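Results of the structural survey
As a plain string of letters, each chain reads:
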Amino acid sequence: MKRTIEIVIVMKDNAEENHECCNANLVYASKNPNQESLFEFSFTQLNQSSLKMLLFVFQQIKSLQIDGNKTIVIWNYSKNQSFIKEMGLDISSMTDVSLTYSETEIIAQGE
């Protein structure tokens, strides 16, 4: 029976913590190839370190897809953060990973 592994990643300003969280989830998804993996990204901010880490994460997601794992990637952004959507478009283009874009209310850091 196929089940969905749901992974929600809220990107914060600490790229190292983000990377550890993402890496652990990617390893789990790779060890469960018969399950669909849903990766949902939300952002409180996006900086250069986070972008580097995201490129690595998306390359890993692409590897999962190449290995035959079913993945769904949702890229959340708020209406007043159109640059976040543009970053998603760029990352998707660079890594050949399709994204589903969702305009949503993003909680500001510290709330």
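Everything below is about the structure printed above this text.
Residues numbered from 1 in each chain as written. Predicted model: local features only at pLDDT ≥ 70, side-chain atom pairs only at ≥ 80, totals over all residues. Heavy atoms only, no water.

Right, let's talk about the pairing of strand S4 (residues 100-103) for a bit. In terms of strand pairing, strand S3 (residues 71-77) meets S4 through four bridges, oriented parallel. Paired with Ile 74 across the strands is Thr 100, a residue of S4. Crossover connection from S3 via helix H3 (residues 82-95) to parallel S4: handedness right-handed. (Pairing = 2+ DSSP bridges. Helix = DSSP H or I, 4+ residues; strand = E, 2+ residues; numbered from the N terminus. Right-handed = clockwise from strand over helix to strand, strands pointing away.)

Here we come to the pairing of S3. With six of seven residues buried, S3 is to be regarded as a mostly interior element. With five bridges joining them, strand S2 (residues 36-43) and S3 adopt parallel strand pairing. Following the sheet pairing, Ser 37 is matched in S3 by Thr 71. Each parallel crossover has a hand, and the one from S2 via helix H2 (residues 48-66) to S3 is right-handed. (Buried < 20%, exposed > 50% of the residue type's maximum accessible area, 1.4 Å probe, protein only.)

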